[in-house]
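What the coordinates show
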Amino acid sequence: MGGMDTHRYSFLPGMGAGLVFERTEGAYLITSDGRRILDAAGGAIVANIGHGRAEVVEAVAAAMSRNTYLVPPFATPERVALVERLQDHWLPPGIERCIFASGGSESIDLAIRIARQHFVSKGEPERFQVIGRELSYHGTTLSGLDVGGHDKRKKAFGPYLDDPPKAQACYPLRCELCAGEAGCTLACADSFEAAILAAGPETVAAVILEPVGGSTAGALCPPDGYLPRVAEIARRHGVLLIADEVMCGFGRTGAKFAVDHWDVVPDLLVGGKGLAGGYAPIGGVYATNALVEPIAAAGDDVMFYTFAAHPAACAAADKVLEIAQREGLVERAAKMGGQLRDRLLDALGAHPHVAEIRGRGLLQAIELVRDRETLEPFAAADKLTAIVVAAGLANGAFFYPGGAGAAQDVICLGPPLSVSEDELELIVSKLAKTIDDAVSHLGNRA
Ligand SMILES: Cc1ncc(COP(=O)(O)O)c(C=O)c1O
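These numbers were taken from a predicted model, which means no experiment stands behind them.

Rules of the game
- Residues numbered from 1 in each chain as written.
- Predicted model: local features only at pLDDT ≥ 70, side-chain atom pairs only at ≥ 80, totals over all residues.
- Heavy atoms only, no water.
- Helix = DSSP H or I, 4+ residues; strand = E, 2+ residues; numbered from the N terminus.
- Polar contact = N/O pair within 3.5 Å; in protein donor to acceptor, adjacent residues only side chain to side chain.
- Contact = heavy atoms within 4.5 Å.
- Domains from an automatic or database assignment.
- Buried area = accessible area lost by both parts, 1.4 Å probe.
- Salt bridge = Lys/Arg side-chain N within 4 Å of Asp/Glu carboxyl O.
- Near = heavy atom within 4 Å.
- Areas by Shrake-Rupley, 256 points an atom, 1.4 Å probe, with all protein chains shown as cover.
- Nonpolar A, V, L, I, M, F, W, Y, C, P; charged D, E, K, R; others polar.
- Buried < 20%, exposed > 50% of the residue type's maximum accessible area, 1.4 Å probe, protein only.
- Phe/Tyr/Trp six-rings, centres within 6.5 Å; stacked < 30°, edge-to-face > 60°.
- Pairing = 2+ DSSP bridges.
- Axes fitted to C-alpha atoms, helices over the stretch in contact; angles between N-to-C directions.

Thoughts on the side chain of Thr31
Within the element layout of this structure, Thr31 appears in strand 2 (residues 28-31). Within the local environment of Thr31, its side chain forms a polar contact with the side chain of Asp33, the two groups lying 2.4 Å apart. If we ignore the near neighbours within four places in the chain, the residues touching Thr31 are Leu19, Val20, Phe21, Glu22 and Ile37.

Quick notes on the domain arrangement of the protein chain
The domain boundaries assigned to the protein chain delineate domain 1 (6-52 + 328-445) and domain 2 (54-326). Here the C-alpha centre of domain 2 lies 25 Å away from the C-alpha centre of domain 1. Taken together, the contacts link 42 residues of domain 1 with 41 residues of domain 2. Surface buried jointly by domain 1 and domain 2 totals about 3,100 Å² across both partners, of which 58% is contributed by carbon and sulfur atoms. Across the domain 1-domain 2 interface, the total number found is 1 salt bridge. Between Arg174 and Glu367 there is a salt bridge; the shortest N-O distance is 2.6 Å.

Structural notes on the site of the ligand
As a structural note, the neighbourhood of the ligand is formed by Gly103, Gly104, Ser105, Tyr137, His138, Gly139, Glu210, Asp244, Val246, Met247 and Lys273. Gly104 places a main-chain nitrogen or oxygen 2.9 Å from an oxygen atom of the ligand. Here an oxygen atom of the ligand and a side-chain polar atom of Ser105 are 2.5 Å apart. Isolated, the ligand exposes 390 Å² of accessible area, and the fraction of that covered by the protein chains is 82%. Within the shell around the ligand, the residues separate by chemical class into 3 nonpolar, 5 polar and 3 charged.

Section: the environment of Lys122
Along the polypeptide, Lys122 turns up in the loop between helix 5 (104-121) and strand 5 (129-131). A residue is classified by how much of its surface remains accessible, and Lys122, at 43% relative accessible area, is partly exposed. Sequence-wise, Lys122 and Arg8 are 114 residues apart; in three dimensions their C-alpha atoms are separated by 51 Å.

Re the packing of aromatic side chains
Per the counting criterion, the structure on display carries 5 aromatic pairs. Centroid distance Trp90 to Phe250: 5.8 Å. Interplanar angle 50°. Geometry classified as tilted. Placement of Trp90 in helix 4 (residues 77-90) and of Phe250 in the loop between strand 7 (240-245) and strand 8 (268-271) is noted, with a sequence separation of 160 residues between them. Like Trp90, the residue Phe250 is buried in the burial classification. Pairing Phe100 with Tyr286 gives two aromatic rings, centres 6.4 Å apart and planes at 75°, and the pair type is edge-to-face. Residue Phe100 is located in strand 4 (residues 95-101), and its partner Tyr286 is located in strand 9 (residues 283-288); the two are separated by 186 residues in the primary sequence.

Examining the sheet that holds strand 3 (residues 36-39)
Read from one edge of the open sheet, 4 strands run 1-2-3-12, paired in mixed fashion. Two strands lie at the open edges of the sheet, namely strand 1 (21-25) and strand 12 (397-398), each paired on one side alone. Direction of pairing for strand 3 relative to strand 12: parallel, over a ladder of 2 bridges. Across the sheet, the residue bridging to Leu38 is Ala397, located in strand 12. Lying over the sheet, helix 14 (residues 421-445) contacts strand 2, strand 3 and strand 12, oriented at roughly 95° with respect to strand 3.

Structure representation (structure tokens):
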């Protein structure tokens, strides 16, 4: 396997790490030449229970030997078990309806379609627009790109996008909205109202946001009053609230869902990634009864994706969530996240190129800048984030790249929620060394 040609796998030359990863185990990725690379990001912030748990593999194998494929609306034991677990143990109060897709992007597209169908069925067909935010990401479908605010990922696709009005990002580090005020006025939350008004309130179906941000600008965390304020604005305009918890859901931030930190119950909650922790491709949309009722009353269908709720994926998700419950991984994410934060602040809090360390639970990000006083970023052409990721792999750790707009260079951490204290120490020391290596690599290149 050592001689495998990674170039043939790459769709574009240079994609990937030039390594063959032969196995994943616990918090480690193991290469074909036997190197153990600490998975400081759980892949794309996915591997919530760590890699290679035999009991998940067994659950998937058992499901596959029972049920190969059935259309998604048909109930099977794996599907029913997963929905019951979600309803009984995971979803916020009042959110009871579950429907699945094969990942986060599909789930967001599904949530947008459900929001639209809700209003069409209710006799309000003029409502179709979905208002997102700057510095956000809601997946790679055209609908997800359209409601998202990720400049780099949208760049090529302008002709396909309507680009509805956006609310401002909630980005305290560089916030100019509250300039001249004594403190935060939640003007960024109020900018949702401005965007709704700009779009024409009677045409707006939903607002969408990541309650804790993903990799776009790096784990942006709102101040406490933010989410309740946005929920109130949405309600006042008869607009649905969609919480995109594809990255921050299922325990990642130290609560089952990030909305739970602020006791806000959205109309539609979207999850993916941590749902099956990487053991299978699955995402989901969770809705209140009130949201679904008009669609059902009109006798309309919600179109399914062929591979949605695959029995193997449902079995994987059910087992992953069972393990998370049994091992108290949500509480553990809060505790270990606090430790990770403290250690990051010790090691990197005063670093000349660290603008901010932010996040919640085990979703943390480090924003890198050329000058921490002025917040001037490195030159975009330096591609610092890519250099950090490559240097991390050379130092035996995988860090997840992020960054968009003003938050140009961002490194995300999202280790398994089962990560040990020693592994956290290692993540921090490897990250500190890696940042220094990357910056000096840039210096040597200049
Ligand atoms: C907040 C958010 N929404 C949607 C997506 C898209 O999910 P997927 O990559 O599983 O399609 C992502 C992926 O990173 C995400 O972080």
